[in-house]
Amino acid sequence: MPVIVVANPKGGVGKSTLATNLAGALAHQGHAVMLGDVDRQQSSRQWLARRPPALPVIRGWELHPDDVVRPPKGTTHVVLDTPAGMHGKRLDNVMKAADKLVIPLQPSLFDIQATHAFLAELRAHKRADRVAFGVIGMRVREGTISNEQLHRYLESLGVPVLGFLRDTQNYVQLAARGLTLWDVAPSRVERDLPQWQPLLQWAAS
């Protein structure tokens, strides 16, 4: 059961957007997906509560009588959404569970600085050799200086670059209804779907 973690120590970089849409893509591929929060804000749990029941099922944590949360029985893929400022013991616990960890970041100096320090922490972690890392650009606007800077920075990291997702209201509007890109007519999100292919190929490898 592969566990894919979405993590970045900085808040507001699009972790929940990435986690919910990744879970949606996997569910539409026919997988039994669990989307779990390690985030105190429980953003993904709130999103799941808005998800229409007729869509491909994405489940949350299952609470057992001993107050331990586990993936529901039959789960084949797990996507974990994590909080900002994740370090220390919480990071250790996530690294123990993770098979893959994807780091979303926006084209800003503050995001780049936070991500640089986080990557250094991940590479120094005792389980670093057991977890595959990747990075993805979020809310990218083509033709801007900040976008060019982000591309140059990511190319220098020595970590797989899993794509660049454009800045669009599609994600905001879909999230408000518990939806993902894969839950609406492809013609509505035709510019967005191809941008996900590198990430989905990496997730499946």
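This text goes with the structure placed above it.
In this convention, every chain numbers its residues from 1, walking through the sequence in written order. Per-residue local features of the predicted model are confined to residues with pLDDT of at least 70, and side-chain atom pairs are confined, for both listing and counting, to 80 or more; whole-chain, interface and lining totals are unaffected and use all residues. By convention in this description, side-chain values take in all heavy atoms of the structure and omit both hydrogens and water.

Novice: Explain the overall build of the protein to me, please; I cannot follow it from the model alone.
Specialist: Labels follow the DSSP assignment, with helices taken as runs of H or I lasting at least four residues and strands as runs of E lasting at least two, numbered in each case from the N terminus. Counting secondary structure elements, the protein contains 7 helices and 9 strands. We compute the radius of gyration over the C-alpha atoms and compare it with the globule rule, which gives 2.2 Å times the number of residues raised to the power 0.38. The globule rule puts the C-alpha radius of gyration for 205 residues at 17 Å, and the 16 Å found for the protein is close to it. The principal-axis extents of the C-alpha atoms in the protein amount to approximately 50 × 45 × 30 Å. Each residue's exposure class comes from its accessible area (1.4 Å probe, protein chains only) as a fraction of the maximum for that residue type: buried when under 20%, exposed when over 50%, partly exposed otherwise. When each of the 205 residues of the protein is scored for burial, the buried share is 49%. Only heavy atoms enter the contact rule, under which two residues are in contact if any of them lie within 4.5 Å. Contacts spanning at least 24 positions in sequence make up 77% of the contacts within the protein whose residues lie at least 6 apart. For the protein, the exposed area adds up to about 10,100 Å²; of that, 53% sits on carbon and sulfur atoms. Note that His is not counted, nor are the chain ends; the positive residues are Lys and Arg, and the negative ones are Asp and Glu. By convention, charge coordinates are those of NZ in Lys, CZ in Arg, CG in Asp, or CD in Glu. Charge centroids of the protein, computed over 24 positive and 18 negative side chains, lie 3 Å from each other. Only the protein chains shown count as cover for residues, and all accessible areas are computed by the Shrake-Rupley method using a 1.4 Å probe.

Novice: Would you take a moment to explain the sheet that holds strand E6 (residues 77-81) for this structure?
Specialist: Each strand in a sheet pairs with another by means of backbone hydrogen bonds, the pair being arranged parallel or else antiparallel. As summarised here, the arrangement of the 7 strands in space is E3-E2-E6-E1-E7-E8-E9, forming an open sheet in which the pairing is parallel. The open sheet is flanked by strand E3 (58-59) and strand E9 (161-166), the only strands paired with a single partner. Strands are treated as partners if at least two bridges between them are detected by DSSP. Pairing of strand E7 (residues 100-105) with strand E8 (residues 132-140), which is carried by 6 bridges, proceeds in the parallel orientation. If you follow Val102 over to E8, its bridge partner there is Gly134. In the packing of helix H1 (residues 15-28) onto the sheet, the strands contacted are strand E1 (3-6), strand E2 (33-37), E3, E6, E7, E8 and E9, and the crossing angle to E6 comes to about 170 degrees. Angles shown run from 0 to 180 degrees and are taken between the N-to-C directions of axes, each axis being a line fitted to C-alpha atoms and, for helices, limited to the stretch in contact.

Novice: I keep staring at the pattern of salt bridges and nothing clicks. Help me out?
Specialist: For side chains of opposite charge, pairing can occur when their charged atoms come near one another. Here, a salt bridge means any side-chain nitrogen of Lys or Arg that lies within 4 Å of a carboxyl oxygen of Asp or Glu. This model, assessed by the stated rule, comprises 4 salt bridges. Of the charged contacts, one joins Arg51 and Asp183 as a salt bridge, the two residues approaching to 2.8 Å between their closest N and O atoms. You can see Arg51 sitting in the loop between helix H2 (43-50) and E3 and its partner Asp183 sitting in the loop between helix H6 (170-175) and helix H7 (197-204), a full 132 residues away along the chain. Between Arg166 and Asp192 there is a salt bridge, with its nearest N and O atoms 2.7 Å apart. Residue Arg166 is found in strand E9, and its partner Asp192 is found in the loop between H6 and H7; the two are separated by 26 residues along the sequence. With respect to burial, Arg166 and Asp192 carry one shared label: buried.

Novice: Can you walk me through helix H4 (residues 109-124) in this structure?
Specialist: Residues spaced three or four apart along an α-helix point in a common direction, a consequence of the helix completing one turn every 3.6 residues. For H4, built from 16 residues, the straight-helix expectation of 22 Å at 1.5 Å per residue is met to within 8% by its first-to-last C-alpha distance of 23 Å. Turning to H4, its buried residues number three or more, namely Asp111, Ile112, Thr115, Phe118, Leu119 and Leu122. Mapping the buried residues of H4 onto a view down its axis gives an arc of 130 degrees, with all of them on the same face. Those residues of H4 that are exposed and aimed more than 90 degrees away from the buried face are Leu109, Phe110 and Ala124. Elements in contact with the buried residues of H4: helix H3 (88-97), E7, E8 and helix H5 (145-155). Here, expected helix span is obtained from the residue count minus one, scaled by 1.5 Å. In this description, one arc is meant: the one made by directions from the helix axis to the C-beta atoms.

Novice: I keep staring at the nonpolar core and nothing clicks. Help me out?
Specialist: As a rule of thumb, nonpolar side chains are buried together in soluble globular proteins. Formed by 33 residues in total, the largest nonpolar core has its most connected members in Leu18, Val102 and Trp196. Every element with two or more residues in this core is listed here: E1, H1, E2, H2, E8, E9, H6 and H7. For this core, the element with the highest residue contribution is H1, accounting for 7 residues. In contact with Val102, other than residues within four places in its own chain, are Ile4, Val5, Val6, Ala7, Leu18, Gly134, Ile136, Leu162, Leu199 and Trp202. The set of buried Ala, Val, Leu, Ile, Met, Phe, Trp, Tyr and Cys residues whose side-chain atoms join them within 4.5 Å is what this entry labels a nonpolar core. Residues Met34, Phe133, Tyr153 and Val159 belong to the second largest nonpolar core, which totals 28 residues.

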